[in-house]
Amino acid sequence: GNSNEGRHHFANLGNNITPAILTKEEISHACKRLASSSYPDALRKFMDQSGMVDDGWEHWEISKLDEETGSRWESLKPFSEELVISFGGSLSDELITVCCMHFLPDDVIGELLEESTTEVVLLGKEVLEDYFLGKLVLRAIVDALKEKLNTYRVYSAHLPTDVKRPEQTREFLEFLGGFYLSECESHKSESFSWGDKEVTDANVMSNIMTCHAGGFADILQKFKYGMLISLEERACLLELRKKALGLLVQIDGEDS
């Protein structure tokens, strides 16, 4: 009984968690960076040396992705600029396709567009079964999620100094710093950051939930609200990253 109830409650929770957004530009950036790294070469070398190519697996040279012209970029135009990452969701066909369109050879993309009866070419999870393409797509997704998670980090020392009520803001940061600095090992630093470690943020949130701060109550309220949204969005991103990493391990397992 109870574990089922817990699972049911958690499944419902997914509907109420604020989804995160991964933009097409962020995904594209991760794909381009991966394409120009040593990773594709390392994959090709491994496939040659392990006998995978002799067994019929294919790899190819990845086209230069600096000039955004031609069918490759045309194929990406119909996709939404923002892809919604929901809690409990899976790797969407949109996300997989946007990555594939960066890594597939030009002639294959040309064929896909010719054969397509709809405006949008959609590729599903089955493309991940191809070792070379699957590894590139999943690694790009993991990289894009890592970069996105970094954007949630805020350093207290980097906040703008021209805020409307500097005195209240300073008091609030001192108050908040007390919680964050007690959570971390190093007490030497006066500056601190939030949006970095989920466990730390959650601990601080539970500590300040019952605080009724005097002069900066409105700032504290906004912080609590913003942090709650931040934690929910990051939960969506972390869950997707876990799924992508799991699939990467699976690919290696199947081809070893």
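In this report, the structure presented in the accompanying data block is examined.

What counts and what doesn't
- Residues numbered from 1 in each chain as written.
- Predicted model: local features only at pLDDT ≥ 70, side-chain atom pairs only at ≥ 80, totals over all residues.
- Heavy atoms only, no water.
- Helix = DSSP H or I, 4+ residues; strand = E, 2+ residues; numbered from the N terminus.
- Buried < 20%, exposed > 50% of the residue type's maximum accessible area, 1.4 Å probe, protein only.
- Contact = heavy atoms within 4.5 Å.
- Areas by Shrake-Rupley, 256 points an atom, 1.4 Å probe, with all protein chains shown as cover.
- Lys, Arg positive; Asp, Glu negative; His and termini not counted.
- Salt bridge = Lys/Arg side-chain N within 4 Å of Asp/Glu carboxyl O.
- Polar contact = N/O pair within 3.5 Å; in protein donor to acceptor, adjacent residues only side chain to side chain.

A few points about the overall build of the protein chain
Helix and strand counts for the protein chain come out as 10 helices and 4 strands. For the protein chain, the α and β elements follow one another from N to C terminus as α-β-α-α-α-β-α-α-α-β-α-β-α-α. Here the protein chain, with 256 residues, has 39% of them falling under the buried criterion. Contacts spanning at least 24 positions in sequence make up 79% of the contacts within the protein chain whose residues lie at least 6 apart. Accessible surface, the protein chain: about 14,900 Å² in total, of which carbon and sulfur atoms supply 52%.

Quick look at the side chain of Lys224
As for its position among the elements, Lys224 is in helix α10 (residues 217–254). No salt bridge forms around the buried Lys224; measuring N to O, its nearest opposite-charge neighbour Asp218 is 11 Å away. Separated by 3.2 Å, the side chain of Lys224 and the backbone oxygen of Met209 make a polar contact. Lys224 has contacts with Met205, Ile208, Met209 and Cys211, leaving out every residue within four places of it along the chain.

With respect to the pattern of salt bridges
Applying the stated rule across the entire model yields 15 salt bridges. Of the charged contacts in the structure, one is a salt bridge between Asp106 and Arg72, with a shortest N-O distance of 2.9 Å. Linking Asp106 in helix α6 (residues 106–115) with Arg72 in helix α4 (residues 71–74), this pair joins segments that are 34 residues apart in sequence. Judged by relative accessible area, Arg72 falls into the buried class, the value being 3%. Here Lys197 makes a salt bridge to Asp196, at a shortest N to O gap of 4.0 Å. Classification of Asp196 by relative accessible area gives partly exposed; the value is 29%. Ionic contacts of the salt-bridge type, sharing partners, join the residues Asp41, Arg44 and Glu61 into one network.

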